[in-house]
Amino acid sequence: MSGSKKMTLRVQSSEGTTRVEALDTDVTSRLFERVYETLRLNTFGFALYKDRAKKEEITSSKSRQLRDYGLQHGDMLYLSSVNGTVLFDQPSTSSAEVKIKPQEQSEAGPSSVEPSSSATKTNLPVEDEVDLELYRLPGTIQRQRDEKLCRHNSKGCCVHCSPLEPWDEGYLKEHNIKHMSFHSYLRKMTSGKFITLDELSCKIKPGCKEHPPWPRGICSSCQPGAVTLNRQPYRHVDNVLLEHAAPVDRFLAYWRATGHQRIGLLYGQYEQHPDVPLGVRARVAAVYEPAQECSRDAVRLCADERGALAAALAARLRLRPVGWLFTDLLPLDLAAATVKSLRGVDTHFLSAQECIMAGHFQNEHPNACRHASSGYFGSKFVTVCVTGDSNNQIHLEGYQVSGQCQALVRDGILLPTRDAPDLGYIRDCSPQQYVPDVYYKERDAYGNEVGVSAKRLPVAYLLVDVPCGVAPTTQQPTFSPRATFPPANRPLQRHVQSLRALHRQLQEAPSFLDAVSDYHVLLYMASNEALPLTLEQLQPLLDAVLARDAAAAEAWRAAPHAATLLRLARAADESESAGEARAGAEAGGAEAGVWTCPLCTFHNAAPMDACEMCAMPRNAM
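Predicted model, so just to flag it, every value in this text is computed and none were measured.

The rules behind the values
Residues numbered from 1 in each chain as written. Predicted model: local features only at pLDDT ≥ 70, side-chain atom pairs only at ≥ 80, totals over all residues. Heavy atoms only, no water. Helix = DSSP H or I, 4+ residues; strand = E, 2+ residues; numbered from the N terminus. Rg over C-alpha atoms; globule rule 2.2 N^0.38 Å. Contact = heavy atoms within 4.5 Å. Lys, Arg positive; Asp, Glu negative; His and termini not counted. Charge placed at Lys NZ, Arg CZ, Asp CG, Glu CD. Pairing = 2+ DSSP bridges. Axes fitted to C-alpha atoms, helices over the stretch in contact; angles between N-to-C directions. Salt bridge = Lys/Arg side-chain N within 4 Å of Asp/Glu carboxyl O. Buried < 20%, exposed > 50% of the residue type's maximum accessible area, 1.4 Å probe, protein only. UniProt positions renumbered as here; feature names shortened; annotations may be inferred. Expected span 1.5 Å × (residues − 1). Parallel < 35°, antiparallel > 145°, perpendicular 65-115°, else oblique. Nonpolar A, V, L, I, M, F, W, Y, C, P; charged D, E, K, R; others polar.

(A) Expanded view of the overall build of the protein chain. Broken down by element type, the protein chain carries 16 helices and 29 strands. Expected size for 621 residues packed as a compact globule is a radius of gyration near 25 Å; at 34 Å, the protein chain overshoots this value by more than 25%. Contacts spanning at least 24 positions in sequence make up 64% of the contacts within the protein chain whose residues lie at least 6 apart. Measuring between centres, the 67 positive side-chain charges of the protein chain sit 5 Å from its 72 negative side-chain charges.

If you want it as structure tokens, here you go:
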């Protein structure tokens, strides 16, 4: 202490100038603590500078001393907040709180925590109807009396015929069910106890006042823990069921015409799965193709002007987005209609980029859950890939990414790799973002399960399989399977929506109800440029489509706005047909009066026996 010099430093802030006592041998972290105490700041989210221009910063350190920065008695320091942090209490806000608090206590009782907790409960998101139905079910798997093993009468029960729990491993393995359903997982976790589901977070907890913000400081209370990736034992959706194959066939028509890959959104409903205990099934009724730029190897989504209208129309049809669909197809033999097998155990099921895209969509469509502290946990949004199987035939593969993958994508630390599609890359820690350590488990040469750094992460740890199928023809679909109207956002000849295509759809269908029982027809009626109809004007027709009421559809057809649109469609078809006939006649007459040189392609008059351009005889080739 004999070599230490006591000095007074001036600290200038937005509230004025304050004196702070210190020793020249004090470390700079001690100076930050004294500034925090003297100015009564709310947080350590501030920085100190030696100059007003904020170029010479004094960093918080437990090794560097004040005299290392050349500070002398009477020097002025300049205080500035970091990232807009509020350092000082606001008088107006505090006074308002003082006035409000007694009223809250008089209404809610002695505890001031009760109003906020009750408000939180009332603001919980509404759970899906299928979840509410599954919560009311007992969930047990009923078994019949075994004639060989059971020794009791028909009203008795023993270990051989007593109901099984929905997560029973023997039952799931016997019926080839790879993952238990999410509600079975909830029943297993809540059996005899109360649980709270919390989603993984890889970000620093905000509001820590014990140190300056990252990268100047971090502590164990705000630092996110290391992440160990595990295979998810459950899935939110147990099956994807297409009402019929027509939506996928119409979706694949673009690839068959161009060879370019395509992305679509699946609209449908969630319902109970009859074959999986407490299972959920996604029933797909339509495929909507958003605006996109396609090529042979990549697809880029663009701003979609019809996206909001498409979602609103689907909601009025009691549909919702349940997943997304994309193609990964390369032709193998055009004559045999086969495609290359690109995915499998030896290559990959989903690439890292596709896993990131799936995680992005699942974060946009979270699953409401009463057991989650935030009100949401996981997602029911599915991913369907159209690719070639081992027999080189087109088939559908369904997936979901785990909740851990959703967290990695949400916090921006999972990146795709350039050289290996089956591997992801965990972002490096930087001054802009703290990234915790990520591990996954594998077996070593001795058979022991060890943790491995996930800098290069096999994305198979993040995937959950979801089977896909097509409903039997005995079930009544929402839309007609015979519809051929082109989908929206297709910049391709003979695939463009038009009034002529609408008129032909109405003419070729067996009835008006069958013609308009198509999601793309209804969307075009609401988005065409000639006479767009509002959703309120379409609502009677939507009700008729849902109820399969032909009389109501014909009544809507006679309405003035509908009759005007259909009259415009008929006029457009007649005009374009007359134009095509006129152009065909002119082309036929022109071809009769000229002949084309086979060498230079010059058009010569009919009487000429040789080409006027290259002198090649007319019948030389």
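(B) Main features of the sheet that holds strand E20 (residues 394-401). Read from one edge to the other, the open sheet built from eight strands follows the order E26-E20-E19-E14-E10-E11-E9-E27, with strand pairing classed as mixed. Whereas interior strands pair on both sides, the edge strands pair on one side only; in this sheet they are strand E26 (463-466) and strand E27 (468-470). Going from strand to strand, the sheet's axes swing by 35 degrees on average, the running direction of each strand aside. Relative to the sheet, helix H13 (residues 519-527) contacts strand E10 (263-273) and strand E11 (279-288), its axis offset from that of E11 by approximately 55 degrees.

(C) Highlighting unusual backbone geometry. Residue Trp214 is joined to Pro215 through a cis peptide bond whose omega torsion reads 15 degrees. Positionally, Pro215 belongs in the loop between helix H6 (182-190) and strand E7 (227-229). At Asn176, a residue that is not glycine, the phi angle is positive and equals roughly 55 degrees. Mapped onto the elements, Asn176 comes out in the loop between helix H5 (169-174) and strand E6 (180-181).

(D) Local environment of the sheet that holds strand E22 (residues 423-426). On the basis of which strands lie adjacent, the open sheet formed by three strands has the order E21-E22-E25 and antiparallel pairing. Pairing within the sheet leaves two strands with one partner each, and these edge strands are strand E21 (414-416) and strand E25 (456-458). Averaged over neighbouring strand pairs, the angle between their axes works out to 45 degrees when direction is ignored. Across three bridges, E22 lies against E25 in antiparallel orientation. Pairing of Gly424 across the sheet is with Leu457, part of E25. In the packing of helix H9 (residues 352-364) onto the sheet, the strands contacted are E21 and E22, and the crossing angle to E21 comes to about 135 degrees.

(E) Spotlight on the pattern of salt bridges. Going through the model one piece at a time under the given rule, you end up with 27 salt bridges. With its nearest N and O atoms 3.3 Å apart, the salt bridge here joins Asp238 to Arg235. Note on Asp238: relative accessible area 2%, which makes it buried. Among the salt bridges present, the one from Arg316 reaches Glu536, with a minimum N-O distance of 3.1 Å. A residue pair is termed long-range when its members are at least 10 positions apart, and Arg316 in helix H8 (residues 307-316) and Glu536 in helix H14 (residues 535-547) qualify at 220 residues. Via salt bridges that share partners, Asp128, Asp131, Arg320 and Lys380 belong to a single interconnected network.

(F) View of the UniProt feature "domain: MPN" (unreviewed entry) in the protein chain. Feature annotation in UniProt assigns "domain: MPN" (unreviewed entry) to the following positions: residues 240-377. Between the first and last C-alpha atoms of residues 240-377 the distance is 20 Å; the span itself is 26% helix and 35% strand.

(G) Inspection of the pairing of strand E5 (residues 76-81) at higher detail. Most of E5 sits inside the fold, with five of its six residues counted as buried. Relative to E5, strand E1 (residues 6-13) runs parallel, the two being bridged by three bridges. Bridge pairing in E5 places Val11 opposite Leu77. One ladder, built from four bridges, connects strand E3 (residues 46-49) with E5; its direction is antiparallel. Pairing of Tyr49 across the sheet is with Tyr78, part of E5.

(H) Molecular detail of helix H7 (residues 246-258). The first and last C-alpha atoms of H7 sit 19 Å apart over 13 residues, in line with the 18 Å expected at 1.5 Å per residue. Ala246, Pro247, Val248, Arg250, Phe251, Leu252, Tyr254 and Trp255 are the residues of H7 that are buried. Looking one or two residues past H7, Gly259 carries a phi angle of roughly 80 degrees, positive in sign.

(I) A look at the packing of H9 against helix H10 (residues 403-410). Between H9 and H10, whose axes approach to 9 Å, the crossing angle comes to 90 degrees. With respect to their mutual orientation, H9 and H10 come out roughly perpendicular. Contacts between H9 and H10 pair Cys355, Ile356, Gly359, His360, Gln362 and Asn363 from the former with Cys405, Gln406, Val409 and Arg410 from the latter. Looking at the contact of H9 with H10, its residues break down into four nonpolar, five polar and one charged.

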